[in-house]
Amino acid sequence: MSPIPKAELHLHIEGTLEPELAFELAHRNGVDLPYADPEQLRAAYAFSDLQSFLDLYYQLMDVLRTEDDFTALAEAYLARAQAEGVRHAEIFFDPQAHTSRGVELDSVVRGLRRALDAAAERHGISTRLIMCFLRDLPQESALATFEACRPYFGAAIHGVGLDSAEVGHRPSKFADVYRLAREAGLRLVAHAGEEGGPDYVWEALDVLRVERIDHGIRAIEDAELVERLVRDRVPLTVCPFSNVRLRCVDTLADHPLPAMLAAGLLVTVNSDDPAHFGGYVDENFDGVRTALGLTNDQLRLLARNSFEASFLEDDEERRKRLLTEVEAYRFPGQD
Ligand SMILES: [Zn+2]
């Protein structure tokens, strides 16, 4: 039984690096990983909080050096995504995490694009690439990265986002670079309301003028904000497994997803950093179905939302076709 067709809208490509590929790339590039084998590395993925996750995340990135490495990373994800029912993927990458290590921006972008450009034919997946700024770095660094990426805008890079440690790094810190991105015609998203409060979501909307909020689970604490998000049909890319692993919610059964759906928010389910958080997007769908008792109708709504929330408006034909596939999908056991 194939999984329901869906779009993945919140996925950090660096967070799809599985231990086996990490070891393969480490060997290829002569990088010493402080683990005996992929199994020991997988055990280290059982981190306990955001900081220990980020430490491991940046340590592992060191195995990514060449254009071919980035192609291998993206290709491994896309093959996996196809099996998960993903038909459209909007993929984040962190240019600063690579250029700061001396990796050429061109190797990163061209390497990723090589896999993405082949994905339609090879995996039946359309793609968009979104560059994210690391919010714990100063805006000057984001501005320099933005200018360095300018030659790739449009064909190779479709939008900008904001990620990494949220608290203490308010969206408004990046007002200037978002204004430039808007002027350059890029699509705008930002992580907000994951650990930060609803005020971070307000700022992302009003100061950065983002079109989509990544995470946004804490928006539910603010009735006026919920009303605004519902009225403007602002999508929220929710990542249930990530929220549990990073202790934003205690257990999957405590996740606010049902309340968000009940409030009429345009919610989608995504995997964030699936190699680290215990599953890819269809496992997240399965997890919320089991832990939260979501019905087939609710799962279908989440799949429909994922295409409605996507930046597919330059290919409305495809969006319509994918939505038709969602409606035609039959769940296991369904008549
Ligand atoms: Zn994220």
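It should be noted that the structure appears before, not after, this text.
Here's a quick rundown of the structure.

Calculation criteria
- Residues numbered from 1 in each chain as written.
- Predicted model: local features only at pLDDT ≥ 70, side-chain atom pairs only at ≥ 80, totals over all residues.
- Heavy atoms only, no water.
- Helix = DSSP H or I, 4+ residues; strand = E, 2+ residues; numbered from the N terminus.
- Rg over C-alpha atoms; globule rule 2.2 N^0.38 Å.
- Contact = heavy atoms within 4.5 Å.
- Areas by Shrake-Rupley, 256 points an atom, 1.4 Å probe, with all protein chains shown as cover.
- Lys, Arg positive; Asp, Glu negative; His and termini not counted.
- Charge placed at Lys NZ, Arg CZ, Asp CG, Glu CD.
- Donors = N, O, S within 2.8 Å, 3.2 Å for Na, K, Ca; no water.
- Tetrahedral: all angles 85-135°; square planar, octahedral: opposite > 155°, others 65-115°.
- Buried < 20%, exposed > 50% of the residue type's maximum accessible area, 1.4 Å probe, protein only.
- Pairing = 2+ DSSP bridges.
- Axes fitted to C-alpha atoms, helices over the stretch in contact; angles between N-to-C directions.
- Core = buried A, V, L, I, M, F, W, Y, C linked by side-chain atoms within 4.5 Å.
- Parallel < 35°, antiparallel > 145°, perpendicular 65-115°, else oblique.
- Left-handed = near helix turned anticlockwise from the far one by under 90°.
- Nonpolar A, V, L, I, M, F, W, Y, C, P; charged D, E, K, R; others polar.
- Salt bridge = Lys/Arg side-chain N within 4 Å of Asp/Glu carboxyl O.
- Phe/Tyr/Trp six-rings, centres within 6.5 Å; stacked < 30°, edge-to-face > 60°.
- Lys NZ or Arg CZ within 6 Å of the ring centre and 35° of its normal.

1. A closer look at the overall build of the protein
Right, on to step 1. The secondary structure content of the protein amounts to 16 helices and 8 strands.
Right, on to step 2. In terms of overall size, the protein behaves like a compact globule, its C-alpha atoms giving a radius of gyration of 19 Å where 335 residues would be expected to give roughly 20 Å.
Right, on to step 3. If one aligns the C-alpha atoms of the protein with their principal axes, the spans along those axes are about 55 × 45 × 40 Å.
Right, on to step 4. Residue pairs in contact within the protein that sit at least 24 positions apart in sequence constitute 76% of those at least 6 positions apart.
Right, on to step 5. Total accessible area computed for the protein in this model is approximately 13000 Å², and 49% of it derives from carbon and sulfur atoms.
Right, on to step 6. Each charge sign in the protein was given a centre, from 35 positive and 58 negative side chains, and these centres are 5 Å apart.

2. Structural notes on the coordination of the zinc ion
Right, on to step 1. Protein coordination at the zinc ion comes from H10 (NE2), H12 (NE2), H191 (NE2) and D272 (OD), with a distance range of 2.1 to 2.2 Å.
Right, on to step 2. If you look at the zinc ion, its 4 donor atoms make angles of 84 to 174° with each other, and the shape they trace is irregular.
Right, on to step 3. Read from N- to C-terminus, the donor residues coordinating the zinc ion fall into the pattern H-x1-H-x178-H-x80-D. With a gap of 179 residues between them, H12 in strand 1 (residues 6–12) and H191 in strand 5 (residues 187–192) connect regions that are remote in the sequence.
Right, on to step 4. For H12, a relative accessible area of 5% puts it in the buried group.

3. Quick look at the sheet that holds strand 8 (residues 266–269)
Right, on to step 1. Spatial strand order, 1-2-3-4-5-6-7-8: 8 strands in an open sheet with parallel pairing. The sheet terminates laterally at strand 1 and strand 8, the two strands that pair on one side only. Strand-to-strand twist across the sheet, computed as the mean angle between neighbouring axes with direction ignored, equals 25°.
Right, on to step 2. Across 5 bridges, the pairing between strand 1 and strand 2 (residues 86–93) is parallel. Note on strand 2: the bridge partner recorded for E8 is A89.
Right, on to step 3. Contacting strand 3 (126–134), strand 4 (159–163) and strand 5, helix 8 (residues 175–183) crosses the sheet at an angle of about 150° to strand 5.
Right, on to step 4. The strands touched by helix 15 (residues 296–308) within the sheet are strand 1, strand 2 and strand 8, with strand 8 carrying the most contacts at an inclination of about 100°.

4. Some details on the nonpolar core
Side chains that are nonpolar tend, in soluble globular proteins, to be buried together.
Right, on to step 1. Grouped together as the largest cluster of nonpolar side chains are 112 residues, with contacts concentrated most on Y77 and Y178.
Right, on to step 2. Y77 has contacts with E8, L11, I13, T16, V86, A89, I91 and Y280, leaving out every residue within four places of it along the chain.
Right, on to step 3. Residues F92, I130, C132 and V189 belong to the second largest nonpolar core, which totals 5 residues.

5. Thoughts on the packing of helix 4 (residues 67–83) against helix 6 (residues 105–123)
Right, on to step 1. Contact pair helix 4 / helix 6: the axes reach a minimum separation of 7 Å and the direction vectors enclose 30°. Here helix 4 is positioned roughly parallel relative to helix 6, judged by the angle of their axes. When the axes of helix 4 and helix 6 are compared, the crossing they make is right-handed. Counting all contacts with helix 4, which are made through E67, D68, F70, T71, A74, E75, L78, A79 and Q82, the residues of helix 6 involved are S107, V108, R110, G111, L112, R114, A115, L116, A119, R122 and H123.
Right, on to step 2. Each residue belonging to the contact of helix 4 with helix 6 can be placed in one class, and the counts come to 9 nonpolar, 5 polar and 6 charged.

6. Considering the side chain of D214
Right, on to step 1. Checked against the element boundaries, D214 lands in strand 6 (residues 212–215).
Right, on to step 2. Buried charged residue D214 carries no salt bridge. Nearest counter-charge: R212, at 4.7 Å.
Right, on to step 3. Setting aside its immediate chain neighbours within four residues, D214 contacts L9, H10, F92, V189, A190, H191, A192 and T237.

7. A few points about the pattern of salt bridges
Right, on to step 1. Inspection of every chain in the model, using the stated rule, returns 31 salt bridges.
Right, on to step 2. When the shortest N-O distance is used, the salt bridge between D282 and K6 registers 2.8 Å. Of this pair, D282 sits in helix 14 (residues 281–292) while K6 sits in strand 1, and the two are 276 residues apart along the sequence.
Right, on to step 3. With a closest N to O distance of 2.7 Å, R113 and D117 form a salt bridge. Of this pair, R113 and D117 both sit in helix 6, 4 residues apart, which is roughly one turn of the helix.
Right, on to step 4. Look at D117 and you get exposed, because its relative accessible area is 53%.
Right, on to step 5. A network of salt bridges, in which partner residues are shared, links E67, D68, D106, R110 and R114.

8. Thoughts on the pairing of strand 2
Right, on to step 1. With respect to burial, strand 2 is a largely interior element, 7 of its 8 residues being buried.
Right, on to step 2. Sheet topology places strand 2 next to strand 3; 6 bridges connect them, and they run parallel. Considered in strand 3, the bridge of H88 is made with S126.

9. Some details on the packing of aromatic side chains
Right, on to step 1. Under the defined criterion, the tally for this structure stands at 6 aromatic pairs.
Right, on to step 2. Plain terms: the ring middles of F133 and Y178 are 6.4 Å apart, the flat faces sit at 70° to each other, and that makes the pair edge-to-face. Remark: Y178 occurs in helix 8 and F133 occurs in strand 3; sequence separation between them is 45 residues. Like Y178, F133 is buried.
Right, on to step 3. Judged by centre distance (5.0 Å) and plane angle (90°), the rings of Y329 and F331 are edge-to-face.
Right, on to step 4. By way of ring pairs, the aromatic residues F53, Y57, Y58 and F277 are connected into one cluster.
Right, on to step 5. Across from the ring centre of F285, 5.0 Å away, lies the NZ or CZ of K6, which sits over that ring.
Right, on to step 6. When the ring centre of F311 is taken as origin, the NZ or CZ atom of R212, which lies over that ring, is 4.2 Å away.

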